[in-house]
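Commentary on secondary and tertiary structure
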Amino acid sequence: MIELQTQLPTDTWIYTSWADYEQIIINLVNEKTKSYYYKGYMRLEMAPVSFDHGKDHVVIIFAVTLFATIRGILATGLDTTTFRKTGIQDCQPDVAYYLRERAQSIPTGTGIVKLDLYPAPDLVIEIAKTSLLDDLGTKRTLYEDLGVAEYWVVDVQNAQIIAYAMADQGSKRIQESQVFPGLLIAILEEALLRSREMTQSEVGAWLLKEFRI
């Protein structure tokens, strides 16, 4: 059993029981900490506070939502929401989307999204400033097991997006979104690069022209 401490290790996977994990996250409810649980291990991450992380986070949400709006794709986006299979898996991705007939599958007033009752998101996005290798490794496997259709990792340092289509508990690299047909990953990377030199409103105007072509 893990002894509950004021300062628990962060950014590393720690072997623990589900019961201990639940108690830990209850004690951390007022802390700005993201939590994950997978295959008997838990991971805590301090909420990202860096300027670059926060900016890329906003650019990606804006770009995806704008594309969905222009193309008439029903979409509901979620920011740092907890998805849980009780006793098995727990995660708090930076961004998640439910699309089309599932866009309103989670009722208003829901707290933790219980995946025993509701479907997994169509798209999950992690913004990686310091957690890139873990986002590409263990978390990718976690989302494969959850049944997420598509997974993107935004590499903040290099303004790149590593995107995967997921099926049959496996994944493959893609250069065009399959859940948002016509959305090229290269366009999103260009938006991230432009956001280094331009305001987000200027990037938005550029995206508007690109998406309407």
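Residues numbered from 1 in each chain as written. Predicted model: local features only at pLDDT ≥ 70, side-chain atom pairs only at ≥ 80, totals over all residues. Heavy atoms only, no water.

An unreviewed UniProt entry lists the chain under the name Uma2 family endonuclease, with Okeanomitos corallinicola TIOX110 as the source organism.

In this section: the sheet that holds strand 8 (residues 113–114). Pairing in this open sheet of 6 strands is mixed, and the strands run 1-3-2-6-5-8 from one edge to the other. Where the open sheet ends on each side, the last strands, each with one partner, are strand 1 (13–15) and strand 8. Here strand 2 (residues 33–38) pairs with strand 3 (residues 41–46) via 6 bridges, running antiparallel. When the sheet's bridge partners are listed, Thr 33 is paired in strand 3 with Met 46. Along the sheet face, helix 1 (residues 18–27) touches strand 2, strand 3, strand 5 (83–85) and strand 6 (89–91) and points at about 170 degrees away from the line of strand 2. With respect to the sheet, helix 4 (residues 138–146) is in contact with strand 1, strand 2, strand 3, strand 5 and strand 6, its orientation differing from that of strand 2 by roughly 65 degrees. (Pairing = 2+ DSSP bridges. Helix = DSSP H or I, 4+ residues; strand = E, 2+ residues; numbered from the N terminus. Contact = heavy atoms within 4.5 Å. Axes fitted to C-alpha atoms, helices over the stretch in contact; angles between N-to-C directions.)

The subject of this paragraph is the pattern of salt bridges. Inspection of every chain in the model, using the stated rule, returns 12 salt bridges. For Asp 134, the salt bridge identified is with Arg 43, shortest N-O distance 3.4 Å. Note that Asp 134 is positioned in helix 3 (residues 132–136) and Arg 43 in strand 3, a separation of 91 residues in sequence. The salt bridge involving Glu 190 is made with Arg 194; its shortest N-O contact spans 3.0 Å. Here Glu 190 pairs with Arg 194, and both are found in helix 5 (residues 185–195), just 4 residues apart, close to one helical turn. Bridged by salt links that share partners, the residues Arg 43, Glu 45, Asp 134, Asp 135 and Lys 139 form one connected network. (Salt bridge = Lys/Arg side-chain N within 4 Å of Asp/Glu carboxyl O.)

Further remarks concern the nonpolar core. Counting residues in each nonpolar core, the largest one holds 34 residues, and the members touching the most others are Ile 125, Trp 152, Ile 161, Phe 180 and Leu 207. Those elements that place two or more of their residues in this core are helix 2 (51–71), strand 7 (95–99), strand 9 (123–128), strand 10 (150–155), strand 11 (160–167), helix 5 and helix 6 (200–211). In terms of residue count, helix 2 provides more of this core than any other element does, 7 residues in total. Dropping the residues within four chain positions of it, Ile 161 is found in contact with Ile 60, Trp 152, Val 153, Val 154, Ile 185, Leu 188, Glu 189 and Leu 192. Core analysis: the second largest hydrophobic core is formed by 21 residues, Trp 13, Phe 83, Cys 91 and Leu 115 among them. (Core = buried A, V, L, I, M, F, W, Y, C linked by side-chain atoms within 4.5 Å. Buried < 20%, exposed > 50% of the residue type's maximum accessible area, 1.4 Å probe, protein only.)

This part covers the sheet that holds strand 12 (residues 170–174). The mixed open sheet is built from 6 strands, whose spatial order is 4-7-9-10-11-12. Edge positions in the sheet fall to strand 4 (75–79) and strand 12, since each of these pairs with one other strand and no more. Within this sheet the neighbouring strands show an average axis-to-axis angle of 20 degrees, counted without direction. As paired elements, strand 11 and strand 12 share 5 bridges and run antiparallel to each other. Paired with Met 166 across the strands is Ser 171, a residue of strand 12. Each of strand 4, strand 7, strand 9, strand 10 and strand 11 is contacted by helix 2, which is oriented at about 10 degrees to strand 7, the strand it contacts most. In the packing of helix 4 onto the sheet, contacts are made with strand 9, strand 10, strand 11 and strand 12, and the angle to strand 11 comes to roughly 35 degrees.

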